[in-house]
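Listed below, chain by chain, are the residues.
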Amino acid sequence: MTEPLVSRMRAFGTTIFAEMSALAVQTGSINLGQGFPDSDGPAAMLDRAMDAIAGGGNQYPPGPGVPDLRQAVSAHRATHYGLVYDPNGEVLVTVGATEAIAASVLALCEPGDEVIAFEPYYDSYAASIALAGARLAGVTLRPVEGRFTFDPDELRAAVTPRTRAILVNSPHNPTGTVFTRDELAVIAELCQEHGIIAITDEVYEHLTFDGVEHIPLATFPGMRERTVMISSAGKTFSVTGWKTGWVCAPRPLVTAVQTVKQFLTFTASGPWQFAVAYGLRHEMGWVAAMRAGLQDKRDRLMKGLALAGFRVLKPAGTYFVQTDIRPLGFTDGLELTRKLPSLAGVVAIPTQVFYEHPERGAHFVRFAFCKQYEVIDEAVGRLKRLG
């Protein structure tokens, strides 16, 4: 029998997250690989989910999402960013941001279209683009003065007559970069000049550090009407398993995305939707405290990684620290991370798997700091063996 998997998906096997998480379990290693916190979100929000279950909110919610959540998302966008979205037609609830990204790419890209993404990129981007029959055009982020950024000329050169969309992830996974106003202005200018749709993955919007501001691309002049703005509750409220996300965009774009989304999952996460609506209205103070704690954990892990011999790049946002492994005598991150459980009893993620051109990121390894202090301290102690 020939390979049953369609050709456009044969490059996508088991995700690196599944591989490394399984390795952590098999070896009893500390998992600083996959980006999920090891503590729960605000107690009152969790109680709202249990109340919704006990109160009968267990059947199909409306396809666009529970009205209460759509209204809460709309109010959140207005309060935090001055962006006004009609909850009845310009807000769509999805099964996490991953579904929102996939549905957006499938809805808006024809076979043969090109989609620009900044490499390293979250691995679902390439898979979603392949499913749509489109082509990914990678623009590389490189360290400049301690943070990852792009060359505006390289971005401009990536635009062709086939460019349909650009995927913009800020705060950026896996580098921790938060795009500046000047960087976003370059992207906005290109989108308007060439008629490009922006699909913005903003799931880490509230997880920025050192006073760095997250600026949505949709706030730039002329960009609201051509931006599909995506976020979710998972990272904001430490409930990654709830898989509750949303799309905010002009009505024609939301209608296009919903047309695809309805045949992927139609709807899901009924009880969680009620709870997330509560969270957006009442638990942003909890989020601010959680962000402060994450900044402290980031600093703690960075210090330990540096003492272990890594070159550490300071992230301005997200859950992740990027390290350069060459000072330790390694040049292949995939090889090192597969050996790391036996060398030090720790699991991390090789950054090269997030590149269109893996050799450009072969010397980087990503560590997650969204863990308890004692977990970080134990991991740091183990990593000292590398020195």
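Residues numbered from 1 in each chain as written. Predicted model: local features only at pLDDT ≥ 70, side-chain atom pairs only at ≥ 80, totals over all residues. Heavy atoms only, no water.

1. Points about the overall build of the chain
On a plain count of helices and strands, the chain comes out with 13 helices and 15 strands. The principal-axis extent of the C-alpha atoms belonging to the chain is close to 55 × 55 × 50 Å. Residue burial in the chain is summarised as follows: out of 387 residues, 57% are buried. Long-range pairs, those at least 24 residues apart, make up 76% of the contacts in the chain between residues at least 6 apart in sequence. When the accessible surface of the chain is totalled, it reaches about 15,400 Å², and 53% of it is carbon and sulfur. In the chain, which carries 35 positive and 40 negative side-chain charges, the distance between the mean positions of the two groups comes to 2 Å. (Helix = DSSP H or I, 4+ residues; strand = E, 2+ residues; numbered from the N terminus. Buried < 20%, exposed > 50% of the residue type's maximum accessible area, 1.4 Å probe, protein only. Contact = heavy atoms within 4.5 Å. Areas by Shrake-Rupley, 256 points an atom, 1.4 Å probe, with all protein chains shown as cover. Lys, Arg positive; Asp, Glu negative; His and termini not counted. Charge placed at Lys NZ, Arg CZ, Asp CG, Glu CD.)

2. So, the UniProt feature "domain: Aminotransferase class I/classII large" (unreviewed entry) in the chain
Per the UniProt record, "domain: Aminotransferase class I/classII large" (unreviewed entry) is found at residues 30-383. For the annotated span residues 30-383, helix accounts for 41% and strand for 18% of the residues, and the straight-line distance between the end C-alpha atoms is 11 Å. (UniProt positions renumbered as here; feature names shortened; annotations may be inferred.)

3. Structural notes on unusual backbone geometry
Of note, the bond from Glu-119 into Pro-120 is cis; its omega dihedral lies within 30 degrees of zero at 5°. Here Pro-120 shows up in the loop between strand S3 (114-119) and helix H5 (124-131). Note that the residue after Ser-170, namely Pro-171, is joined by a cis bond; omega there is -5°. Take Pro-171: it is sitting in the loop between strand S7 (163-169) and helix H7 (181-194). If you check the backbone angles, Glu-145 has positive phi at about 55° while not being a glycine. On the basis of relative accessible area, Glu-145 is assigned to the exposed category, the value being 84%. If you check the backbone angles, Thr-318 has positive phi at about 75° while not being a glycine. With respect to the element layout, Thr-318 can be found in the loop between strand S11 (311-313) and strand S12 (320-324).

4. A look at the sheet that holds strand S10 (residues 245-248)
What the 7 strands build is an open sheet, ordered S2-S10-S9-S8-S7-S3-S4; its pairing is mixed. Lying at the two open borders of the sheet, with one neighbouring strand each, are strand S2 (91-94) and strand S4 (135-140). Each strand axis lies, on average, 20° off the axis of its neighbour in the sheet, ignoring direction. Looking at chain direction, S7 and strand S8 (residues 197-201) are connected through 5 bridges and run parallel. (Pairing = 2+ DSSP bridges. Axes fitted to C-alpha atoms, helices over the stretch in contact; angles between N-to-C directions.)

5. Let's talk about the pattern of salt bridges
Tallied over the full model, the rule gives 20 salt bridges. When the shortest N-O distance is used, the salt bridge between Arg-135 and Glu-114 registers 3.5 Å. Of the two residues, Arg-135 is situated in strand S4 and Glu-114 in strand S3; the sequence distance between them amounts to 21 residues. Overall, the relative accessible area of 11% leaves Glu-114 in the buried class. A salt bridge links Arg-326 to Asp-324, with the nearest nitrogen and oxygen atoms 2.7 Å apart. Linked through salt bridges whose partners overlap, the residues forming this network are Asp-210, Arg-298, Asp-299 and Lys-314. (Salt bridge = Lys/Arg side-chain N within 4 Å of Asp/Glu carboxyl O.)

6. Focus: the packing of helix H1 (residues 16-27) against helix H12 (residues 333-344)
At a minimum axis distance of 9 Å, the contact between H1 and H12 shows a crossing angle of 25°. In terms of orientation, H1 lies roughly parallel with respect to H12. Contacts from Ile-16, Glu-19, Met-20, Leu-23 and Thr-27 of H1 reach H12 at Leu-334, Thr-337, Arg-338 and Pro-341. Taken together, the residues of the contact of H1 with H12 sort by class into 5 nonpolar, 2 polar and 2 charged. (Parallel < 35°, antiparallel > 145°, perpendicular 65-115°, else oblique. Nonpolar A, V, L, I, M, F, W, Y, C, P; charged D, E, K, R; others polar.)

7. Digging into the environment of Asp-40
Note on placement: Asp-40 falls in the loop between strand S1 (30-31) and helix H2 (43-54). When its relative accessible area of 60% is taken as the criterion, Asp-40 is described as exposed. Put simply, Asp-40 and Phe-237 are 197 residues apart on the chain and 8.0 Å apart in space, counted from C-alpha to C-alpha. Ignoring sequence-local partners within four residues, the contact set of Asp-40 consists of Leu-46, Ser-238 and Trp-286.

8. Here's the deal with helix H9 (residues 251-261)
Leu-253, Val-254, Val-257, Val-260 and Lys-261 are the residues of H9 that are buried. Summarising the axial view, the buried residues of H9 lie within an arc of 125°, below the 170-degree limit, and thus occupy one face. Looking at the packing, one finds that the buried side of H9 touches S2, helix H4 (96-108), S8, strand S9 (227-232) and S10. (Arc of directions from axis to C-beta.)

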